[in-house]
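Read off the chains here:
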Amino acid sequence: TYGPPPGQQGWNQYPQQQPYPPQPYGAPPQQTWGNQPPPMAQPYGQPPPQQQFGAPGQAPPMGPPTQPSLGYGPMQTAQIDVSADVEGLHKAMKGFGTNEKELIRILAKKDPIQVNTIRTSYNQRLMKDLIRDLEKETSGYFEKGLVAIARGPLANDAYTLYDAIKGAGTDEQVIDDVLIARSNADINAIKAEYANIFKKTLESDLRGDLSMGTQDMYMLIISARRNEDSIGVFAQQVDQDVTALQDALGSLIGKNSSRVCEVLLTKNDAQVRAICSAYSQRYGKTLDKVIKSKFSGHMEKALCLFIERANNRAVSDAIQLEDAMAGMGTKDKLLVQRVVRAHWDRQHMQQVRTEFQKKYGKDLVARIKGETSRYYEDLMVACV
């Protein structure tokens, strides 16, 4: 389950002006933000009331497009006074030494619109670059966390993908974190931002690093062809999808990987949940376990993550956070990115913390404190 709409989380503190036409993802109340378009739905906000459609032979309805997640619409700033935050950041980094606690205080709990407003104002008023100043004045995973926050969710996703693709080898786990089970609107925003920053397409870079079935899977993911959330469950298609999946998963001899991806990865979360339930009822085993038995390596991980996120995003994020901390040594790069990505939606972050406690019998804050130290620890704890 997902949290209440962002209007209950304090995003409505900004002034309203002219209406803005719907964007392709979500359906929160329309707002405006100065002369800029309004923020859209939170990354993991309240899904629309579930409806069921379907008659024999009927194609799924198109449904109104869902709006982008907050921070993934057109570049947004707010008409709010951020002079105290700008001056606080400047004082924390000027002269000899750095006031790390002040950097955490100012940046760790801001929403994407506030962060963009602060960064824009800092750069314009001081004729400096906030990102470069943070990189110069801090270090290690503390620096990486601050920079991820200061960039905002969209730009940080683009940089994260670029870093995962460039050089020898590909970090598919990081790519999954960014792209798996995202909305059409968010995928399109990420592709546009990637092209804007790096002057080349995400598709071409992924094609250059991946091959065969994995490449085909990612091309499908970034094609942004998922059913929109607004159509809910297309009931007639559920049984057809279950049959198609079972046929594609095949026998011990072989499977049709591309067909499995086509059936699953083009569905919205509600349809995936309905497919998983119907599959389990019909065959007496869960779809994710069957996928684990039929696939291996990265494709197995990607498909299972897609199902986990569709079934319960907060539980999935809790599992991913534990995965970043479990075993010998902490996977710090993953931990930073996963904490920062979840923290943009405060209500979702609290749901993740609740699910973490239920699943592992530990408080997420205490768990992070046991795996991190100093200002890196302080920043991660403040985000949670």
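The rules we used
Residues numbered from 1 in each chain as written. Predicted model: local features only at pLDDT ≥ 70, side-chain atom pairs only at ≥ 80, totals over all residues. Heavy atoms only, no water. Phe/Tyr/Trp six-rings, centres within 6.5 Å; stacked < 30°, edge-to-face > 60°. Helix = DSSP H or I, 4+ residues; strand = E, 2+ residues; numbered from the N terminus. Lys NZ or Arg CZ within 6 Å of the ring centre and 35° of its normal. Core = buried A, V, L, I, M, F, W, Y, C linked by side-chain atoms within 4.5 Å. Buried < 20%, exposed > 50% of the residue type's maximum accessible area, 1.4 Å probe, protein only. Contact = heavy atoms within 4.5 Å. Axes fitted to C-alpha atoms, helices over the stretch in contact; angles between N-to-C directions. Parallel < 35°, antiparallel > 145°, perpendicular 65-115°, else oblique. Left-handed = near helix turned anticlockwise from the far one by under 90°. Nonpolar A, V, L, I, M, F, W, Y, C, P; charged D, E, K, R; others polar.

1. Topic: the packing of aromatic side chains
Within this structure, the stated rule accounts for 8 aromatic pairs. Summarising the aromatic geometry, the rings of Y279 and Y283 are spaced 4.8 Å apart at their centres and angled 50° between planes, so their arrangement reads as tilted. Within this pair, Y279 and its partner Y283 are both found in helix α13 (residues 269-283), separated by 4 residues, close to a single helical turn. Taken together, the aromatic side chains of Y159, Y162, Y194 and F198 make up a single cluster linked through ring pairs. The ring of F295 has K255 sitting right over it, with the charged end atom 5.0 Å from the ring centre. Here K359 stacks its cationic end above the ring of Y360, 5.9 Å away from the centre of that ring.

2. Quick look at the nonpolar core
Considering soluble globular proteins, one finds that nonpolar side chains tend to be buried as a cluster. Counting 103 residues, the largest nonpolar core has L179 and L287 as the members making the most contacts within it. Here the element with the most residues in this core is helix α15 (residues 297-311); it accounts for 8 residues. Sequence-distant contacts of L179, defined by excluding residues within four places in its chain, comprise L161, I187, I190, Y218, I221 and I222.

3. Digging into the packing of helix α17 (residues 332-343) against helix α20 (residues 374-383)
Close contact between α17 and α20 brings their axes to 9 Å; oriented N to C, the two are set at 30°. Between α17 and α20, the interaxial angle falls into the category roughly parallel. Considering only the axes of α17 and α20, their crossing is left-handed. Contact residues: D332, L335, V336, V339, V340 and H343 in α17; Y376, M380 and C383 in α20. Taken together, the residues that form the contact of α17 with α20 break down as 7 nonpolar, 1 polar and 1 charged.

Purely geometric stuff here, so don't read any function into it on its own.
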